[in-house]
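# Chains, contacts and geometry: an overview
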Amino acid sequence: MVVTRFAPSPTGFLHIGGLRTALFNYLWARRNGGEFKLRIEDTDQSRNSAEATKAILEAFDWVGMDYDGEPVYQSDRFDLYRSYITKLLDEGKAYYCYMSKEELDALREEQMARKERPRYDGRYRDFTGEPPKGVEPVVRIKAPLEGEIVFEDGIKGTITIKADEVDDFIIARSDGTPTYNFVVAIDDALMGMTDVIRGDDHLYNTPKQIIVYEALGFKLPRFYHVPMILGEGGKKLSKRDGAADVMDYKRAGYLPEALLNFLVRLGWSHGDQEIFTMEEMLEHFDPTDINASASQYNPDKLLWLNAHYIKNSSNERLAKLLEDFGVYLLSHDKREILLDIFKERCKTLKEMAEQIKEVLETPKDYDEKALKKGMKGEAVDILNSFADALREQKELHLPTDFHALMESFVKAKEIGFGKIGMPLRVALIGRLGGPDLSDVMSIIGKEETIERIENLLKYMKEKDA
Ligand code: GLU
């Protein structure tokens, strides 16, 4: 049985690096029919907030990553941690240390002066005397004095740390609260973790955690330390690159499956396959295939994937999702044609919503450049006659009806398509570019098309006056 977890510290929103770690753990557990658990590491009450926890759960919900059981909150487990501190003290595997801050500072300075790495010198390790008065002691764990701490990392290979690089670190502060590496080891062991996949910023916490596992006789999980995601130019991922809130991607119009597909490929690959459905990720993901070097965030690739998933979404789903962007198409009579057109053209739901609005809403103003380019020469006259041509036709519904009309219009006038196309674009959507004009006219209908032409002609008249 494989058991994994995601263990965020709720200090802010969930960023994409965190979501990638969660995804890797999720995939590995699910692929093996195991369990994926969520643990909220909220022991640092000054830095943690309930909102941040809520935001993390919300992001999980959006991407559809389900976890087993209820989330475990470290803040509920202080009694449990305390019992293990007592156990280690009773067994002589941990001890009280009465060094004051001043003494510790002095020790550090001496060591630095001797060019040694600052570390606790073990002076209370075997202390049996009378403890100094007025000092609330901390509890330190007995780390090995010689040899090495060695573990196999599933991504980085064998990691060896000399015993003298790890000192007797604090497991309980003088106020009795347990420290980070201590509680993580206890929780991972008691929650039955078999595989711990986490950011490689935790690589050097692992030897400390191993000391706790060994002191308590717990079985070690397999560790995988995932290299970080770099931003543009190989620098640390910044907010601008996308270190932002996972929910910002929702607000920017990304589909959750596009984001997950994007994230799974950051640092992991399966041949040269780029597009992975959840089923395919589950079929192929193996944390030992994670790249040992850092990966790079590429916003264009995310857009490309998003466009792919938008194109392949049902119109019904898109119509529902677009409601968050102020476009209501669920019972719109032109829903199918609108969505068929725009799902092919747009990379995000937000872009889609903007372009759909542009078609459905009469332009409020006209783009300056488009006016200059589109309304020169005989454009006003041509638009006028085109409006007449529209008025003369009774049955205009399908894009092909409008297309045929435009064709006969340019033929009769002996003009090129652009001569009507450009001014008509300005009239219908207020700018150049945009979708096929026959599609636009079919969507808004003959009467609205005439009205938009009249609006532009009126605007041109007022401008000239
Ligand atoms: N709470 C840690 C973090 O948010 C993760 C610890 C772990 O995965 O072991 O970075």
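Quick note: structure is the one above.
So, a few notes on the structure that sits alongside this text.

## Thoughts on the site of the ligand
Taken together, Arg5, Ala7, Pro8, Ser9, Glu41, Tyr180, Val184, Arg198 and His202 make up the full set of residues adjacent to the ligand. Within the contact set of the ligand, an oxygen atom lies 2.7 Å away from a side-chain nitrogen or oxygen of Arg5. Considering the ligand on its own, with 300 Å² of exposed area, one finds that the protein chains cover 80% of that surface. When its residues are assigned to classes, the shell around the ligand shows four nonpolar, two polar and three charged.

## Overview of the sheet that holds strand 1 (residues 3-6)
Spatially, three strands are ordered 1-2-3 in an open sheet, and the strand pairing comes out parallel. Whereas interior strands pair on both sides, the edge strands pair on one side only; in this sheet they are strand 1 and strand 3 (72-73). Pairing geometry for strand 1 and strand 2 (residues 35-40), over four bridges, is parallel. Looking across to strand 2, one finds that Thr4 is bridged to Phe36.

## Regarding the packing of helix 11 (residues 315-322) against helix 12 (residues 335-345)
Where helix 11 contacts helix 12, the two axes come as close as 10 Å, and the packing angle between them is 85 degrees. Looking at the two axes, helix 11 sits roughly perpendicular to helix 12. Where helix 11 approaches helix 12, its residues Asn315, Glu316, Leu318, Ala319 and Leu322 are matched on the opposing element by Arg335, Glu336, Leu339, Asp340 and Lys343. Tallied by class, the residues present in the contact of helix 11 with helix 12 amount to four nonpolar, one polar and five charged.

## Here we look at the sheet that holds strand 8 (residues 170-172)
Strands sit in the order 4-5-8 across an open sheet of three strands; the sheet is antiparallel. Strands at the two margins of the open sheet, each flanked by one partner only, are strand 4 (94-97) and strand 8. Between one strand and the next, the sheet's axes are offset by a mean angle of 45 degrees, whatever the strand orientation. Two strands pair when backbone bridges link them, and strand 4 and strand 5 (residues 138-141) are joined in this way by four bridges, in the antiparallel orientation. Note on strand 5: the bridge partner recorded for Tyr96 is Val139. Running over the sheet, helix 3 (residues 78-90) touches strand 4, strand 5 and strand 8 and is turned about 95 degrees from strand 4.

## Re helix 11
Every buried residue of helix 11 is listed here: Asn315, Leu318, Ala319 and Leu322. Here the buried residues of helix 11 occupy an arc of 100 degrees about the axis, which is enough to place them on one side. Check the buried side of helix 11 and you find it contacts helix 10 (299-311), helix 12 and helix 13 (349-360).

## What to know about the nonpolar core
Core analysis: the largest hydrophobic core is formed by 98 residues, its most contacted members being Leu259, Met352, Phe386 and Leu424. It is helix 18 (residues 437-464) that provides the largest number of residues to this core, a total of 10 residues. If we ignore the near neighbours within four places in the chain, the residues touching Phe386 are Leu405, Met406, Phe409, Ile420, Leu424, Met441 and Ile453.

## Describing the pattern of salt bridges
Applying the stated criterion across every chain yields a total of 34 salt bridges. Among the ionic pairs, Asp79 bridges to Arg82, the shortest N-O distance being 3.3 Å. Of the two residues, Asp79 and Arg82 both sit in helix 3, three residues apart, roughly one turn of that helix. We classify Arg82 as partly exposed; its relative accessible area is 41%. Close ionic contact of Lys87 with Glu91 constitutes a salt bridge, the shortest N to O distance being 3.0 Å.

## Quick word on the packing of aromatic side chains
Evaluated as defined, the whole model comprises 18 aromatic pairs. Both rings, one in Phe24 and one in Phe285, keep their centres 5.1 Å apart while their planes meet at 20 degrees; by these two values the pair is stacked. Here Phe285 lies in the loop between helix 9 (278-284) and strand 12 (295-296) and Phe24 lies in helix 1 (residues 16-31), a separation of 261 residues in the sequence. The same class applies to Phe24 and to Phe285, which are both buried. Ring centres of Phe60 and Tyr67 lie 6.0 Å apart, and the angle between their planes is 70 degrees; on these two criteria the pair is classed as edge-to-face. In this structure, Arg140 packs its charged tip against the face of Tyr120, placed 3.6 Å from the ring centre. In this structure, Lys208 is placed above the aromatic ring of Phe169, and the distance from its NZ or CZ to the ring centre is 5.4 Å.

Parameters at a glance
- Residue positions are given per chain, counted from 1 along the sequence in the order it is written.
- At least 70 in pLDDT is required for a residue's local features to be given in this predicted model, at least 80 for side-chain atom pairs to be given and counted, and no such filter applies to totals for whole chains, interfaces and linings, which use all residues.
- In computing side-chain values, all of the structure's heavy atoms are included and hydrogens and water are not.
- Each residue is tested against the molecule or strand, and it is near if at least one of its non-hydrogen atoms lies within 4 Å.
- N or O atoms closer than or at 3.5 Å make up a polar contact, with two conditions inside protein: a donor-capable atom paired with an acceptor-capable one, and, for residues adjacent in sequence, both atoms drawn from side chains.
- Only the protein chains shown count as cover for residues, and all accessible areas are computed by the Shrake-Rupley method using a 1.4 Å probe.
- Note that Gly is not counted as nonpolar here; it falls among the polar residues with everything else outside the nonpolar set of Ala, Val, Leu, Ile, Met, Phe, Trp, Tyr, Cys and Pro and the charged set of Asp, Glu, Lys and Arg.
- Each pair of strands is called paired provided DSSP finds at least two bridges between the two strands.
- Numbering goes from the N terminus for both helices and strands, where a helix is a DSSP run of H or I of at least four residues and a strand is a run of E of at least two.
- A fitted line through C-alpha atoms represents every axis, and for helices the fit uses only the stretch in contact; the resulting angles, taken between N-to-C directions, go from 0 to 180 degrees.
- Orientation is classified from the angle alone, with under 35 degrees giving roughly parallel, over 145 giving roughly antiparallel, 65 to 115 giving roughly perpendicular, and any other angle giving oblique.
- What makes two residues a contact is simply this: any of their non-hydrogen atoms within 4.5 Å.
- Categorising residues by exposure relies on relative accessible area from a 1.4 Å probe, with only protein chains included: less than 20% of the type maximum marks a residue as buried, more than 50% marks it as exposed, and the intermediate range marks it as partly exposed.
- The arc in question is the one traced by the directions running from the helix axis out to the C-beta atoms.
- Residue types Ala, Val, Leu, Ile, Met, Phe, Trp, Tyr and Cys, when buried and joined through side-chain atoms within 4.5 Å, form a set referred to as a nonpolar core.
- Note on definitions: salt bridges are taken to be side-chain nitrogens of Lys or Arg within 4 Å of carboxyl oxygens of Asp or Glu.
- Under the pairing criterion, centres of Phe, Tyr and Trp rings, with the six-membered ring standing for Trp, must be within 6.5 Å; the plane angle then separates stacked pairs below 30 degrees from edge-to-face pairs above 60, leaving the rest tilted.
- Think of it as a cone above the ring: NZ of Lys or CZ of Arg counts as a charge over the ring if it is within 6 Å of the ring centre and within 35 degrees of the ring normal.

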